[in-house]
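# Architecture and fold: a report
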Amino acid sequence: MDCPLKTNSVYPSTSEPTLVFLIGEAPGEIEDQLGIPFVGKAGRSLRGWLKKFKLDAVAGYGNACLHRPYDELPDGTRTNYNRVPTEQEMSACVPILERFIERAHPQFIVFVGGTSAKFVGGYKGTVGSMVGRWKEYKGIPCTVIYHPSALMRPMAKAKRVEWERINFSVLREISVKLGLSRDEAKH
Ligand code: URA
């Protein structure tokens, strides 16, 4: 069954071998325009985090839904852009995402935010309980970080700092496991 959304298809960034694959929720406006995942404001923030841990050059990106979500009014006008994709929309798109991941054969998968973690990764519970928790997705070690969009929303500074600290510790752990960063605890 095809995805009912008629926005552009934003395919994963690569099917070439990659060490880490990040899976978000759905493309936003810029991703829809350019056809590349994670290149808008949230994407720049995410790519900046990866760069900090030398993961940017070895990463692939994709989304649980390949299309920018919207609702349609009876007159055909599109509204409510960037809502959370429905299970039907993600079910239609995930097989394509999986084909790219199979070929990219990453050593680690990172779910970016709760939507993909739940729907693709099979995580349960609150996002707070998922972040940094390791399990396997199709035999590949996977974990979860807070979505950069969540950190861009208004929130108490202490909470933002804590969420960023948790994300950095997850990304540092992956970078150390891949031999790209030193384990600071050991030095
Ligand atoms: N948010 C996502 O989850 N994915 C993108 O590609 C862009 C923003």
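What you see is a predicted model; the values in this text were computed from it and never measured.

Right, let's get into the packing of aromatic side chains. According to the stated counting rule, one finds nine aromatic pairs in the structure shown. Aromatic pair Phe 53 and Phe 168: ring centres 5.6 Å apart, planes at 65 degrees, arrangement edge-to-face. Residue Phe 53 is found in the loop between helix H2 (41-52) and strand E2 (59-63), and its partner Phe 168 is found in helix H7 (residues 157-177); the two are separated by 115 residues along the sequence. For Phe 53, a relative accessible area of 5% corresponds to the buried category. When its relative accessible area of 15% is taken as the criterion, Phe 168 is described as buried. One aromatic cluster is present, formed by Trp 49, Phe 53 and Phe 168 through successive ring pairs.

Our focus in this paragraph is the layout of surface pockets. In this structure, the largest pocket occupies an estimated 660 Å³ of space. Considering the residues around the largest pocket, the lining is formed by 26 residues, among which Glu 25, Ala 26, Asn 82, His 147 and Ser 149 are closest to the centre. Mapped onto the lining of the largest pocket, the elements with two or more residues apiece are helix H1 (29-34), H2, helix H4 (114-119) and helix H6 (148-152). In the lining of the largest pocket, the residues fall into 10 nonpolar, nine polar and seven charged.

Taken together, Gly 24, Glu 25, Ala 26, Pro 27, Glu 31, Pro 37, Phe 38, Asn 63 and His 147 are the residues near the ligand. Backbone polar atom of Ala 26 to a nitrogen atom of the ligand: 3.1 Å apart, as the coordinates give it. Side-chain polar atom of Asn 63 to a nitrogen atom of the ligand: 2.7 Å apart, as the coordinates give it. Judged by its atoms lying within 2 Å of the grid points, the ligand is housed in the largest pocket. Partitioning the shell around the ligand into residue classes produces four nonpolar, three polar and two charged.

Thresholds, definitions, all that
Residues numbered from 1 in each chain as written. Predicted model: local features only at pLDDT ≥ 70, side-chain atom pairs only at ≥ 80, totals over all residues. Heavy atoms only, no water. Phe/Tyr/Trp six-rings, centres within 6.5 Å; stacked < 30°, edge-to-face > 60°. Helix = DSSP H or I, 4+ residues; strand = E, 2+ residues; numbered from the N terminus. Buried < 20%, exposed > 50% of the residue type's maximum accessible area, 1.4 Å probe, protein only. 1 Å grid on protein atoms, 1.4 Å probe; cavity = no way out; pocket = protein on both sides within 12 Å on 5 of 7 lines; lining within 4 Å. Points joined across faces, edges and corners; volume = space filled by probe spheres on them. Nonpolar A, V, L, I, M, F, W, Y, C, P; charged D, E, K, R; others polar. Near = heavy atom within 4 Å. Polar contact = N/O pair within 3.5 Å; in protein donor to acceptor, adjacent residues only side chain to side chain. Sits in = over half its atoms within 2 Å of the grid points.

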